[in-house]
Amino acid sequence: MGRLSPALLLPLLAVAALAAGPLVAGTFYVQLLTKIMILVVFAMSLDLLVGCAGLVSLGHAAYFGVAAYALAALSPQYEAANLWLTLPAAMAVSALAALVIGFLVLRTSGVYFIMATLAFAQMLYAFFAESGVIGGSDGVYIYSKPEALLPGGLKPFDLERTTDFYYVALAAMAGVYVLLRTILHSLFGRVLVGIRDNEQRMRSLGFQTFRYKLAAFVISGALAGLAGYLSAAQFGFVNPELLNWHRSGEVLMMVILGGMGSLYGAALGAFVLVLVEDVLGGLTTHWLLPMGIFIIAAVFLLPEGIAGLWRSGLGRRRRPAAPDPVEVATDAAAVEEAAADA
Amino acid sequence: MRDMSPGIPALSVRGLTKRFGGLLAVADVCLDVAPGEIHAVIGPNGAGKSTLINLLSGDLRPTAGSIRINGTEVSGWSADRVARLGVGRSYQRNNIFPRFTAFENCRLAAQARLPSSMRFFRPAVSIRGPQEQAEHALQLAGLDRRADLPAQALSHGEKRLLEIAMTLATSPTLLLLDEPLAGTGAEEAAGIVALLKRLAAEHAIVLVEHDMDAVFSLADRITVMVDGIVVESGDPETVRNSAAVQEAYLGTGEADHEMGAFADAR
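Residues numbered from 1 in each chain as written. Chains lettered and ligands numbered in written order. Predicted model: local features only at pLDDT ≥ 70, side-chain atom pairs only at ≥ 80, totals over all residues.

J.: I'm lost on the overall build of chain A in this one. Help?
T.: Each helix and strand counted, chain A has 14 helices and two strands in total. Taken across its 342 residues, chain A has 48% of its residues classed as buried. When contacts within chain A are restricted to residue pairs at least 6 apart in sequence, long-range pairs at least 24 apart make up 79% of them. (Helix = DSSP H or I, 4+ residues; strand = E, 2+ residues; numbered from the N terminus. Buried ≥ 20, exposed ≤ 12 C-beta atoms within 10 Å, placed from the backbone. Contact = placed C-beta atoms within 7 Å.)

J.: For this particular structure, what's the right way to read the interface of chain A and chain B?
T.: Interfaces are often described in size by the accessible area the parts lose on coming together. Contacts between chain A and chain B engage 30 residues on the former and 35 residues on the latter. At 11 residues, helix 8 (residues 187–205) of chain A tops the list of elements feeding residues into the side of chain A that touches chain B. In terms of residue class, the side of chain A that touches chain B is made up of 15 nonpolar, eight polar and seven charged. (Nonpolar A, V, L, I, M, F, W, Y, C, P; charged D, E, K, R; others polar.)

J.: Would you explain the sheet that holds strand 8 (residues 204–208) of chain B in this entry?
T.: Within a sheet, neighbouring strands are paired by backbone hydrogen bonds and run either parallel or antiparallel to one another. Residue and element names in this part refer to chain B. Ordered by their spatial adjacency, six strands build an open sheet running 6-7-8-3-9-10, and the pairing between neighbours is mixed. Taken across any chain shown, the strands that pair with only one partner, and hence form the sheet edges, are strand 6 (87–90) and strand 10 (229–234). Shown here is a sheet whose adjacent strand axes are inclined to one another by a mean of 15 degrees, direction ignored. Pairing of strand 7 (residues 174–178) with strand 8, which is carried by five bridges, proceeds in the parallel orientation. By the bridge assignment, Asp178 is partnered in strand 8 with Val208. (Pairing = 2+ DSSP bridges. Axes fitted to C-alpha atoms, helices over the stretch in contact; angles between N-to-C directions.)

J.: What's the story with the sheet that holds strand 5 (residues 72–73) of chain B in this structure? I'm lost.
T.: Residues and elements named next belong to chain B. Ordered by their spatial adjacency, four strands build an open sheet running 2-1-4-5, and the pairing between neighbours is antiparallel. Looking at the sheet topology across the chains shown, the edges are occupied by strand 2 (23–33) and strand 5. Relative to strand 5, strand 4 (residues 64–69) is paired through two bridges, and the arrangement is antiparallel. Pairing of Ile69 across the sheet is with Thr72, part of strand 5. Where helix 1 (residues 49–57) meets the sheet, its contacts fall on strand 1 (11–20), strand 2 and strand 4, and the angle it forms with strand 2 comes to roughly 65 degrees.

J.: How should helix 3 (residues 102–111) of chain B be read in this particular structure?
T.: Think of an α-helix as 3.6 residues a turn; residues three or four steps apart then line up on the same face. Extensive coverage of helix 3 of chain B is indicated by the burial of 10 of its 10 residues. Where helix 3 of chain B is buried, its residues meet helix 8 of chain A together with helix 4 (128–140) and helix 5 (156–169) of chain B.

J.: What's the story with the pairing of strand 10 of chain B in this structure? I'm lost.
T.: All names here are of chain B. Note that strand 9 (residues 221–226) and strand 10 share five bridges and pair antiparallel. Across the sheet, the residue bridging to Val224 is Glu232, located in strand 10. A loop of two residues connects strand 9 with strand 10, the two strands running antiparallel in sequence, and Asp227 in this loop sits at a positive phi of about 50 degrees.

J.: Got a minute to help me understand helix 6 (residues 111–130) of chain A in this structure?
T.: Residue and element names in this part refer to chain A. With 20 residues, helix 6 should reach 28 Å at 1.5 Å per residue; the first-to-last C-alpha distance of 28 Å fits that figure. Among the residues making up helix 6, those that are buried are Ala116, Thr117, Ala121, Leu124, Tyr125 and Phe128. Among the structural elements, helix 4 (61–74), helix 5 (83–105) and helix 10 (245–258) are those in contact with the buried residues of helix 6. (Expected span 1.5 Å × (residues − 1).)

J.: Hey, could you run me through the packing of helix 5 of chain B against helix 6 (residues 186–200) of chain B in this one?
T.: When two helices pack together, their arrangement is given by the angle between their axes and by how far apart the axes lie. All names here are of chain B. At a closest axis distance of 9 Å, the pairing of helix 5 and helix 6 adopts a crossing angle of 15 degrees. Regarding the angle of helix 5 to helix 6, the classification is roughly parallel. Remark: the crossing between helix 5 and helix 6 carries right-handed chirality. Contact residues: helix 5 offers Gly157, Arg160, Leu161 and Ile164, while helix 6 offers Glu188, Gly191, Ile192 and Leu195. The residue inventory of the contact of helix 5 with helix 6, partitioned by class, reads four nonpolar, two polar and two charged. (Parallel < 35°, antiparallel > 145°, perpendicular 65-115°, else oblique. Left-handed = near helix turned anticlockwise from the far one by under 90°.)

J.: What is the right way to look at the confidence of the model for chain A in this model?
T.: Low pLDDT means the predicted atomic positions in that stretch should not be read closely. All names here are of chain A. When pLDDT is averaged across chain A, the result is 87; 89% of the residues are at 70 or more. Looking at the elements of chain A, mean pLDDT is at its lowest for helix 14 (residues 332–341), recorded as 41, and at its highest for helix 9 (residues 209–235), recorded as 97. Here residues 315–323 scores under 50 on pLDDT; set against residues more than four positions off or in separate chains, the count is nine contacts. Low confidence marks residues 327–342, where pLDDT is under 50. Its contacts with residues over four positions away, or in another chain, come to 25 contacts. (pLDDT = per-residue confidence, 0-100.)

Have a look at this one:
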């Protein structure tokens with residue numbers, strides 16, 4: 001196409017820069033970046049729902065946490081679990097949870113949808129906190145990181161090594177980005193964006209919108225599970241807080257702060273939120289207050305999120321003939337005009 | 001069974017009733033539309049015309065009555081199921097995807113006729129069927145030169161045409177058009193009337209419309225509704241001369257200007 005697409009250029013630059021990370025950064029920052037890249041996977045999985053399908057879920061930590069618990073449950077006490085078995089299993093558990101919960105919550109919409117997703121996530125939180133299975137409210141340790149052992153004794157990487165884990169997280173992030181972009185431009189993705197913009201019209205055209213929303217919910221849950229699994233592996237510890245509502249709120253904040261519907265916006269949001277938290281946390285113990293001010297300022301000054309900065313900068317130089325409906329997700333003016341039409 | 005054999009009406013409605021609490025919005029309506037026929041539904045505001053369309057399209061569930069489309073009983077079906085049977089509806093207020101291009105709007109509509117859109121990997125732009133149907137629909141509506149403009153950049157009249165083009169892209173046999181001329185100027189209206197005339201050859205059309213000139217120039221049959229009840233149904237000549245219609249329209253007062261148009265159309 002030759003067009004300088006932020007959806008292509010930005011992630012390529014970012015991956016190239018991140019690939020060089022371990023060569024220049026110390027262990028602390030390599031681990032911090034690993035954590036952030038895992039959160040990027042989490043945030044992008046939520047963006048598929050919030051930004052692309054218009055489904056604002058406030059219970060996304062449930063699928064993240066369920067996969068983390070799946071790894072804890074599947075790990076032998078003093079040995080490493082096999083990554084190639086436990087990762088798909090953990091993602092399948094998350095997908096199943098998303099299928100069941102999605103089947104129920106997708107019958108609601110708007111504020112009720114937000115409340116229903118929150119309620120189900122809190123039920124799972126309460127289950128892990130109070131039932132006493134898998135460690136109860138104290139949580140449980142995972143002593144060995146999962147082993148990437150292939151048949152024949154081959155081990156392509158070792159998660160116990162910080163740099164290896166870093167590159168696995170980088171590959172997961174890049175892979176999920178490519179996967180979600182592919183999905184967005186498929187027939188399925190078009191239907192999702194149509195549902196976000198006007199679900200009633202999609203139904204009157206003949207689309208069974210519930211099925212498409214449920215499929216998106218399951219894909220999103222499975223990918224959140226990937227993030228949860230990697231996170232549990234990185235920190236070697238799971239507790240019910242992983243599923244708590246402020247985790248759901250935090251990842252939603254990343255998506256909104258970064259800019260909804262573009263995927264790279266969600267990624268930017270995750271980076272900025274964690275890094276600002278890190279910087280402020282180093283300056284003062286009362287970092288939550290400036291953090292709040294930062295978020296309020298960002299929401300007021302950047303209604304399209306951080307990704308919107310890039311888009312408007314690009315728009316000033318060259319105006320594409322027709323916006324890509326998938327990329328121009330939160331065009332405030334367009335939304336207003338649509339509202340005026342209605 | 002969806003062929004347009006002469007025996008089976010495209011649409012056959014019997015005893016259709018919709019009650020909202022104490023309000024009887026549509027009462028015992030009967031209606032037949034043959035293939036290739038334009039059947040206009042007119043009446044003052046609040047007569048139940050839009051409710052009728054919503055019942056036919058499956059957006060509302062009838063309280064009682066039967067709706068047969070090409071011989072299939074569809075009352076109680078969901079809107080998407082009715083649509084897949086070959087029913088295209090357009091809306092009184094623009095109900096398009098403003099950020100999609102005109103072409104994208106139609107392609108998405110055409111996609112609704114694929115067996116499934118649960119296809120996650122192949123780019124949508126590489127799938128030919130919907131592309132061709134979208135091009136065809138835009139051409140029919142005379143929008144082919146505006147295909148690559150975002151829908152929100154179109155003029156009001158063009159948006160009304162796009163609204164119809166989207167329903168055409170789904171290859172319907174029965175069209176339910178809710179005030180396609182709403183808010184258009186004389187020139188735009190003429191363009192839409194011309195389009196509807198062309199469409200009548202291959203579609204059965206239910207047309208709800210306030211513009212009496214358009215109604216009397218297009219309709220093969222006209223049904224007049226007042227307060228949810230059919231007061232007259234027949235060919236334009238019969239309706240024009242009906243005492244019941246005159247009384248009903250004069251009785252509502254608010255429809256004075258329509259009555260004027262009525263007289264002009266005589």
